[in-house]
Amino acid sequence: MNPALITFKEDYQELLLSCRWRQWAALGVAGHGSTNDPWAIDPEALLLFSCTLARYEARLFDEILDWTNTTGDAVNIQRLRTMIGQRFFAGQNVLSAVAGLMAVGRRSPKWKNLAGLPENTKEAQPLFFHKNGEPMESFGNVDEGFKRYGFLRGKVELRGHTQPVRVIHNTGMIFKLRYLWGINARCEIILYLLTHDGGHPRKISRDICYFQKTVQDALVDMARSDLVYVRPVGKEKHYWLKIDKWLDFLTGASSRGIQWVNWPMIFSALEEIWLKLSQGEFRQLSPLAQSSELRALMQKVRPKIEAAGFARALSDEKMYLGEDYTRVFLSDIGKLLGKDDANP
């Protein structure tokens with residue numbers, strides 16, 4: 001494997017894990033300090049991405065289980081199902097196992113419904129990996145709940161160290177909205193309008209992972225409140241709100257400059273890149289074949305990266321021939337991860 005690719009893969013993994021620790025810590029997970037990043041975190045996208053990535057960091061995975069046990073009532077199961085249906089992420093079976101654990105002893109059917117997704121029928125495999133990609137074979141007594149879904153791991157022991165979500169920070173804004181108005185599309189709609197000049201229901205629904213009719217009907221009702229407004233843009237109706245007044249109400253003017261990131265899109269792209277770099281077959285290819293694979297990968301994930309608003313980080317892969325594109329790919333992904341210090 002190209003030595004530059006080996007180094008990049010190691011750095012890429014560490015950066016992704018570090019950033020996920022930071023985001024989960026902002027939502028109350030124990031460890032790795034806190035953050036006051038300007039963007040709102042998407043807990044559903046973060047959970048799905050972590051079902052793939054946190055398999056390389058067992059402690060993070062179990063802290064996420066602890067968080068889900070404590071704060072999972074505020075998770076939007078319908079959005080999770082929508083993201084799964086749109087095939088944004090590869091961790092569906094892991095999420096089903098997590099949902100199965102969360103469903104035990106709960107009266108609410110929300111996690112039971114998600115746990116009812118098809119279980120893994122293949123021979124059970126280790127859930128966790130070492131940093132070098134080798135399966136973690138030694139794990140003590142097997143957890144039977146995860147084994148049902150095809151994963152072998154030690155018995156889950158929840159520590160109960162999770163803290164409440166810091167809703168005073170931008171990172172926890174969606175939780176503040178859900179705690180106020182419940183777990184429904186209106187919370188994501190308000191967050192979207194707080195971070196945009198306005199939008200059409202079709203675009204909003206695509207970005208917040210809801211069906212267009214759900215968003216359309218909600219916006220029509222919300223506009224009747226005289227707190228959400230409508231203006232014509234060509235032949236379309238765009239909805240908007242007075243951002244400063246809403247932020248005064250929601251934050252007491254203590255939080256300005258809240259930023260929007262389309263986390264499902266950018267996480268999905270980062271996951272596809274990670275899965276490619278982790279493939280044993282990919283590592284055995286010649287440098288020229290690896291460059292060709294990376295070019296095809298970029299063509300596949302580019303629409304997601306552009307939809308997430310990071311198009312400027314990317315070069316035109318058609319301008320670089322042969323093995324030269326590997327260097328460009330590494331540079332582009334490096335810029336993407338460091339864009340505006342966002343470290344997605």
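Residues numbered from 1 in each chain as written. Predicted model: local features only at pLDDT ≥ 70, side-chain atom pairs only at ≥ 80, totals over all residues. Heavy atoms only, no water.

Caption draft 1: Fine view of the nonpolar core. In terms of nonpolar packing, the biggest core is built from 107 residues, with Tyr12, Ile189 and Ile266 touching the most fellow members. Looking at this core, the element that brings in the most residues is helix 13 (residues 263-278), giving nine residues. Filtering out sequence-adjacent residues up to four positions away, Tyr12 remains in contact with Leu270, Ile273, Trp274, Leu277, Ile333 and Leu337. (Core = buried A, V, L, I, M, F, W, Y, C linked by side-chain atoms within 4.5 Å. Buried < 20%, exposed > 50% of the residue type's maximum accessible area, 1.4 Å probe, protein only. Helix = DSSP H or I, 4+ residues; strand = E, 2+ residues; numbered from the N terminus. Contact = heavy atoms within 4.5 Å.)

Caption draft 2: Here's a closer look at the packing of aromatic side chains. All told, the structure shown has 17 aromatic pairs when counted by the stated rule. Taken together, a centroid distance of 5.1 Å and an interplanar angle of 90° make the contact between Tyr56 and Trp274 edge-to-face. With Tyr56 in the loop between helix 2 (43-53) and helix 3 (58-71) and Trp274 in helix 13, the pair connects residues that are 218 residues apart, well separated along the chain. An identical accessibility class is assigned to Tyr56 and Trp274; each is buried. With 5.4 Å between their ring centres and 80° between their planes, Phe61 and Phe128 make a pair best called edge-to-face. Of this pair, Phe61 sits in helix 3 while Phe128 sits in the loop between strand 1 (125-126) and helix 7 (144-148), and the two are 67 residues apart along the sequence. Comparing Phe61 with Phe128 shows no difference in burial state: the two are buried. (Phe/Tyr/Trp six-rings, centres within 6.5 Å; stacked < 30°, edge-to-face > 60°.)

Caption draft 3: Expanded view of the environment of Ile190. By the secondary structure assignment, Ile190 is in helix 9 (residues 185-194). Taking the relative accessible area as the measure of exposure, Ile190 reaches 4% and is therefore buried. With 16 residues separating them in the primary sequence, Ile190 and Ile174 have C-alpha atoms 9.1 Å apart. Among all residues touching Ile190, those that are not within four sequence positions of it are Leu177, Trp181, Met222, Leu241 and Trp246.

Caption draft 4: Quick peek at the pattern of salt bridges. On inspection of all chains with the given rule, the structure shows 21 salt bridges. With a closest N to O distance of 2.8 Å, Arg178 and Glu44 form a salt bridge. Here Arg178 is found in helix 8 (residues 173-181), whereas its partner Glu44 is found in helix 2, with 134 residues between them in sequence. Among the residues examined, Glu44 registers a relative accessible area of 0% and is labelled buried. (Salt bridge = Lys/Arg side-chain N within 4 Å of Asp/Glu carboxyl O.)

Caption draft 5: Looking closely at the pairing of strand 4 (residues 236-240). By the bridge criterion, five bridges tie strand 3 (residues 229-233) to strand 4 in an arrangement that is antiparallel. Residue pairing in the sheet places Tyr229 in a bridge with Trp240 of strand 4. The antiparallel pairing of strand 3 with strand 4 creates a hairpin that spans two residues between the two strands, and Gly234 there sits at a positive phi of about 65°. (Pairing = 2+ DSSP bridges.)

Caption draft 6: The arrangement of the confidence of the model for the protein chain in detail. Overall, the predicted model of the protein chain reaches an average pLDDT of 89, with 94% of residues at or above 70. Below a pLDDT of 50 lies the segment residues 339-343, which in the model reaches 12 contacts outside its immediate sequence neighbourhood of four places, other chains included. (pLDDT = per-residue confidence, 0-100.)

Caption draft 7: Summary view of unusual backbone geometry. Positioned with a positive phi, Cys209 is a non-glycine residue whose angle comes to about 65°. Residue position: Cys209 is located in the loop between helix 10 (201-208) and helix 11 (212-223). Classification of Cys209 as buried rests on a relative accessible area of 2%.

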